[in-house]
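So the chains spell out like this:
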Amino acid sequence: MKYSRLLVLGGTGRAGRQLILEALERGYQVTALARDPAQLSDIQTQQLQVLRGDMTNAAQVEELLKQGFDAVVCTLGVFQKSPGTPLTDMTRHLVSAMKKYGPARLVVMSSLGVGDSDGQGNLLVKFVTSRILKHVLVDKASQEVVLQESGLDWTVLRPPRLIDSPTRKPYRLWQGTARPRGTRWRIGTLDAASEMLNLLEQDDSFHSAWQCSY
Ligand SMILES: NC(=O)c1ccc[n+]([C@@H]2O[C@H](COP(=O)([O-])OP(=O)(O)OC[C@H]3O[C@@H](n4cnc5c(N)ncnc54)[C@H](OP(=O)(O)O)[C@@H]3O)[C@@H](O)[C@H]2O)c1
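An account of the accompanying structure is given in this report. (Residues numbered from 1 in each chain as written. Predicted model: local features only at pLDDT ≥ 70, side-chain atom pairs only at ≥ 80, totals over all residues. Heavy atoms only, no water.)

### Section: the sheet that holds strand E10 (residues 208-213)
- What the eight strands build is an open sheet, ordered E3-E2-E1-E4-E5-E6-E10-E8; its pairing is mixed. With one partner strand each, in any of the chains shown, strand E3 (48-52) and strand E8 (172-174) form the two edges of the open sheet. Pairs of neighbouring strands in the sheet enclose a mean axial angle of 20 degrees, with direction left out of account.
- Contacts between helix H3 (residues 86-101) and the sheet are confined to strand E1 (5-9), strand E4 (71-74) and strand E5 (105-109), with E5 contributing the most and set at about 165 degrees to the helix.
- Its contacts with the sheet place helix H6 (residues 189-200) against E1, E4, E5, strand E6 (153-158), E8 and E10, and it is angled at close to 155 degrees to E5. (Pairing = 2+ DSSP bridges. Helix = DSSP H or I, 4+ residues; strand = E, 2+ residues; numbered from the N terminus. Axes fitted to C-alpha atoms, helices over the stretch in contact; angles between N-to-C directions. Contact = heavy atoms within 4.5 Å.)

### Things to note about the nonpolar core
- Core analysis: the biggest nonpolar cluster contains 31 residues, and Leu6, Ile20, Val30 and Leu200 have the highest contact counts within it.
- Mapped onto this core, the elements with two or more residues apiece are E1, helix H1 (14-25), strand E2 (29-34), E4, E5, H6 and E10.
- It is H6 that contributes the most residues to this core, six residues altogether.
- Not counting chain neighbours up to four residues away, the residues in contact with Leu6 comprise Ala23, Tyr28, Gln29, Val30, Thr31, Phe69, Ala71, Val73, Leu197 and Leu200.
- If you look at the next biggest cluster of nonpolar residues, it comprises 25 residues, including Leu7, Val95, Leu147 and Ala209. (Core = buried A, V, L, I, M, F, W, Y, C linked by side-chain atoms within 4.5 Å. Buried < 20%, exposed > 50% of the residue type's maximum accessible area, 1.4 Å probe, protein only.)

### Focus on the packing of H1 against H6
- Contact pair H1 / H6: the axes reach a minimum separation of 8 Å and the direction vectors enclose 60 degrees. By the angle class used here, H1 and H6 are oblique. Crossing geometry of H1 relative to H6 is assigned as right-handed. Contacts between H1 and H6 involve Arg14, Ala15, Gln18, Leu19, Glu22 and Ala23 on the former and, on the latter, Thr189, Leu190, Ala193, Ser194, Met196 and Leu197.
- Classifying every residue of the contact of H1 with H6 by side-chain character gives seven nonpolar, three polar and two charged. (Parallel < 35°, antiparallel > 145°, perpendicular 65-115°, else oblique. Left-handed = near helix turned anticlockwise from the far one by under 90°. Nonpolar A, V, L, I, M, F, W, Y, C, P; charged D, E, K, R; others polar.)

### Things to note about the site of the ligand
- Taken together, 22 residues surround the ligand, and among them Thr12, Ala15, Asp54, Leu76 and Lys140 come closest.
- In this structure, Arg35 approaches the ligand through a side-chain N or O atom, which is 2.8 Å from an oxygen atom.
- In the model, a nitrogen atom of the ligand is placed 2.8 Å from a nitrogen or oxygen of the Asp54 side chain.
- Relative to its free-state accessible area of 890 Å², the ligand is covered by the protein chains to the extent of 80%.
- Comparing atom positions with the cavity grids shows the ligand to sit within the largest pocket.
- A breakdown of the residues in the shell around the ligand according to their chemical character gives eight nonpolar, nine polar and five charged. (Near = heavy atom within 4 Å. Polar contact = N/O pair within 3.5 Å; in protein donor to acceptor, adjacent residues only side chain to side chain. Areas by Shrake-Rupley, 256 points an atom, 1.4 Å probe, with all protein chains shown as cover. 1 Å grid on protein atoms, 1.4 Å probe; cavity = no way out; pocket = protein on both sides within 12 Å on 5 of 7 lines; lining within 4 Å. Sits in = over half its atoms within 2 Å of the grid points.)

Written out as structure tokens, the structure reads:
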């Protein structure tokens, strides 16, 4: 395992919790930042350290990264009904701290519909991404630009709708504007979280974005 000390951001969320569990299962040493650490208090193992913090606080983010990690895995998300860049702003804090204190390796969960996956999905997906998630996706697109300009060893995973599924199923993984046939435009949180860790360990995934779906 190349990156054994992981910092997980967004670990109290749906995908993030699965990511923590899967990382522990795979033997990583995990530190999770949480606004409310109690949300992770049911996961009791010496492999997991949970620290209180808020990604909107740049000073806290710097202090956190000073601890030293091998890689950062991020499933942060902010739902918003109006224009704004909360996710981009948090990502700027993260990138700035990583450039000062390391590490260089960063895997981020974005969303189908961002970048060259724009327009992918069925009619329902397109409706949701263009209407309900409109402002979220604008923020995510700008988050991806921050990553692209960061100079870090970033990789992005763009899932479609996440479903809470603790079982593993085969899924497709693709890049760019290709539109695989027969795609169901959803993926379980466990499979999406697992793919984040698969991508993490693949050095040939530096500077690339991937879509995944059942
Ligand atoms: N859900 C979907 O169907 C779907 C589909 C495609 C892509 N995505 C994307 O995939 C990612 C993960 O999705 P999800 O459904 O797991 O999201 P989620 O359940 O909403 O989790 C978001 C996480 O971000 C954390 N967070 C937000 N603001 C923070 C702050 N200021 N400081 C520290 N932590 C903060 C939340 O912490 P708190 O617990 O403290 O709020 C939570 O842990 C998101 O980027 C989402 O947009 C989701």
